[in-house]
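# Analysis of the macromolecular model
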Amino acid sequence: MTSEASPPSSPAAGPAGPVAYADARARLLADPAASGSGRRAALAGLTDRWLAGLFAGAGAPAGVALVAVGGYGRGELSPRSDLDVLLLHEGPVDSALPERIWYPVWDSGASLDHSVRTLAEARTVAAEDLKAQLGLLDARHIAGDAALTASLRSAVLSDWRATASTRLPELQELGAERAERHGELSFLLEPDLKEARGGLRDVVALNAIAASWLADAPRDGLEAAARRLSDVRDALHLTTGRATERLSLQDQDQVAATLGVLDADTLLRQVYEAARTITYAGDVTWRAVERVLAARSTRGRRSSRLSFPFTGTGRGSGAVARGAVERRPLAEGVVEQDGEAVLAQGARPATDPVLPLRAAAAAAQAGLTISYATVRRLAAETRPLPVPWPDEAREQLVTLLGAGEACIPVWEALEAEGLITRLLPDWERVRCRPQRNAVHRWTVDRHLVETAVKAAAMTRRVARPDLLLVAALLHDLGKGWPGDHSEAGEVIVRDVAVRMGFDAADTETLAVLVRHHLTLVDTATRRDPDDPATVDLITKVVGTLPHLELLHALTEADATATGPAAWSSWRASLVDDLVGRAAAQLTGGYPFPADVEPTAEEERLAVEAARTGGPALSLHAQSNQDSFATEPMGVDLTLAIPDRPGLLGTVAGVLALHRLTVRAASLRELDPIGIGAVLLISWTVTAEYGELPEAARLRADLRRALEGSLDVARKLAERDAAAPRRRGISTPPPVVSVAPGAASATATVLEVRAHDAPGLLHRIGRALDDAGVRVRTAHISTLGADAVDAFYVTDPAGRPLSAQRAAGVAAEIQAALG
């Protein structure tokens, strides 16, 4: 639309009188009984009556209409809003007619955005200018020829729906550009209530999408969120006396007082909550639009059958057709459909309290979002987790956090439906909590998630990536309580860790990390590094080298997630130097595992394997700690088998073929009857999805693999080649190292830290076999989505490897893992 500044002088005021309007408007805005949407509607009605009087007094002929557009068209006028009006006509009009209407408006002091057009001209402008078209979608009749206004509305809506496939991507791009310029409303200390992402402009976009008939936004809470932002905007206009949309720091206390809100922090929290509702609704709606437009684009190429493109990663065994929609399994009870994670047909949320976390972890690891309908169903039907949590729930939380950036949209979806607060009640105190510090760029809760994202890139640096990720998520929970947030956080995290099912040692580790998450950087920047007391302070805090590694990674993740000003190369160098000095003081030999007496069951299997020369195994289902669940969590698999080259890789490959995920494993040698060594491997495995294999079938495939009639490597390669290619998420590269102090009298220890994947242990085992070393003992751990494995290896003669040879074997394994 065309906007003009108020002219220096004007002809006589219209019969309605600008002074009278201005006085009536001032009385309405000063009325303590008028507020919120009611006041906005009343102000629009007052303006309608005044403009209708001006129109009548201007002597407009037939075939002319005065039309409100934009926010005024929606019947919502904030105290300092522009009056967006269109003088619509069918034929020639007196050039003085518009001035007889506009000049009294200018004289009243109101800001006017106006244009004069025919119906054809209005449609042409709308076709060329997306913003003008959006304004016309809200066209509302004020005065004159009502049929002409109705024709305009009908034509504009028809044009909008006819061109939606091209205009909606333009609208989405406009929104992305606004977000880039103005930021995200949910996290800004001085947010733009209208233009920032999650602001009032996004509500207009959602209404425009609904008008296209291609999709509609989730409506729960959306109207209330928009109303809240509008109320804050009204109070801001009244407080400042200006048409400003930016909620500046100096105005927040007065705006809060105007609205009857406790304080500025409470005001910001309400603004953030409203913005998140709008942002999430926008995310859901734009994904729906993209699916519809993708379906339209493929309809011509694939006849009438709709098939949508898939993105992300996962371990699907191939597509499963259900009618015209493809569904690929991601995890037990979770499948991929239309580029989103949804519940499988057989999923039972009411009896599976871990399902929300399992679905979230599977979605994040696949680089997908969870569908809106799925999250709603999970929120409505899933029962709370028991206390303490089942092991699977804790592992799925770690897997979710370990997905890095892909975790964020999934976390936001869970939070939008209240599932995060249900899992972590203490989260409510930090949710949407502002941080009035220029160093911080996020609210407290988003900072915690961002810290976990940063920590996910550092999991190769620590032996317990699960504890690093959980500590990153919880380290600032104390900010919701009075006093030192580190001290309060220690108390909170002890309780949370116990509820999550961590044992006493892990709970203590988490408490130390939370209590001292600022200690490293504070000490490094404020104390003399050459003073022995400085290093002693740190070593007394952490106690062990693994704790020091965890605290170092948490410190860096916390600082880099805070903002650019919180971390620098100078600070990093000081912290690294202090950590290096403390590590030198703490470093000791790598502990060789103590001998454990075999159980009666293990001895029986070892004797059977030694006598028969083949595999002997037993399977015992683990019971789920959750009383609501009916399915076993997994299986304890004990395998005894005569030692031979390549054994570990072969057995691991057979498990991978059966789609069994190794959660933990230990390997040791026995000689039960004095006729030769038998390897005893204790596995904890779970099914990726579906049912666990029968013991007889697993034993038969192990025999075939050992005899050579089952080519495990080829079968795995064929399956990988047949699996759909997906985008994948970014994960830290694998790290293979020789453990410090590992050259003991009996073995060399190789540590492997990598992202877990089907066949990972098979590839490691083959690489060790190709390197010509023997595996005497192994300890395999899968912590969330990260594998942390230790292999105690010797040369063929049973001697520890030389330092050079050990480094070479580590390099060979690294190359095999890519």
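Thresholds, definitions, all that
Residues numbered from 1 in each chain as written. Predicted model: local features only at pLDDT ≥ 70, side-chain atom pairs only at ≥ 80, totals over all residues. Heavy atoms only, no water. Disulfide = S-S within 2.5 Å. Buried < 20%, exposed > 50% of the residue type's maximum accessible area, 1.4 Å probe, protein only. Helix = DSSP H or I, 4+ residues; strand = E, 2+ residues; numbered from the N terminus. Arc of directions from axis to C-beta. Axes fitted to C-alpha atoms, helices over the stretch in contact; angles between N-to-C directions. Parallel < 35°, antiparallel > 145°, perpendicular 65-115°, else oblique. Contact = heavy atoms within 4.5 Å. Pairing = 2+ DSSP bridges.

## Quick look at the state of the cysteines
- Under the criterion given, the structure shown has zero disulfides.
- Free cysteine: Cys407, not disulfide-bonded; nearest cysteine sulfur from Cys432 at 16 Å.
- Here Cys407 falls in the buried class, since its relative accessible area comes to 2%.

## With respect to helix α14 (residues 372-381)
- All of the buried residues along α14 are Thr374, Val375, Leu378 and Ala379. The arc that holds the buried residues of α14, viewed along the axis, is 130°, so those residues lie on one side. Facing away from the buried surface of α14 by more than 90 degrees, the exposed residues are Ala373 and Ala380.

## A closer look at the packing of helix α1 (residues 18-30) against helix α2 (residues 36-57)
- Relative to each other, α1 and α2 sit at 170°, their axes nearing to 11 Å. Between α1 and α2, the interaxial angle falls into the category roughly antiparallel. In contact with Pro18, Tyr21, Ala24, Arg25, Leu28 and Leu29 of α1, α2 contributes Arg39, Ala42, Leu43, Leu46, Thr47 and Trp50.

## Regarding the sheet that holds strand β4 (residues 140-144)
- Strands sit in the order β3-β2-β1-β4 across an open sheet of four strands; the sheet is mixed. Of all the strands in the sheet, the pair left with one neighbour each is β3 (112-118) and β4. The average undirected angle you get between the axes of adjacent strands in this sheet is 25°.
- One ladder, built from five bridges, connects strand β1 (residues 64-68) with strand β2 (residues 83-89); its direction is antiparallel. By the bridge assignment for β2, Ala68 is matched with Val85.
- Sitting on the sheet, helix α5 (residues 119-128) touches β2 and β3, and the angle it makes with β3 is about 120°.

## Some thoughts on the packing of helix α15 (residues 391-401) against helix α19 (residues 465-474)
- Across the interface, α15 lies against α19 with an axial gap of 9 Å and an inter-helix angle of 75°. As summarised for this structure, α15 and α19 are arranged roughly perpendicular, according to the angle between their axes. Here Leu397, Val398 and Leu401 of α15 lie close against α19, whose contacting residues are Asp466, Leu469, Val470 and Leu473.

## With respect to the sheet that holds strand β14 (residues 735-738)
- Here eight strands make up an open sheet; going across it, the order is β10-β11-β13-β12-β16-β17-β15-β14 and the pairing antiparallel. Strands at the two margins of the open sheet, each flanked by one partner only, are β10 (616-621) and β14. Between one strand axis and the next, the sheet turns through 15° on average, direction left out of account.
- Its contacts with the sheet put helix α30 (residues 760-770) on β13 (678-687), β15 (748-755), β16 (774-783) and β17 (786-794), and the angle it makes with β17 is roughly 20°.

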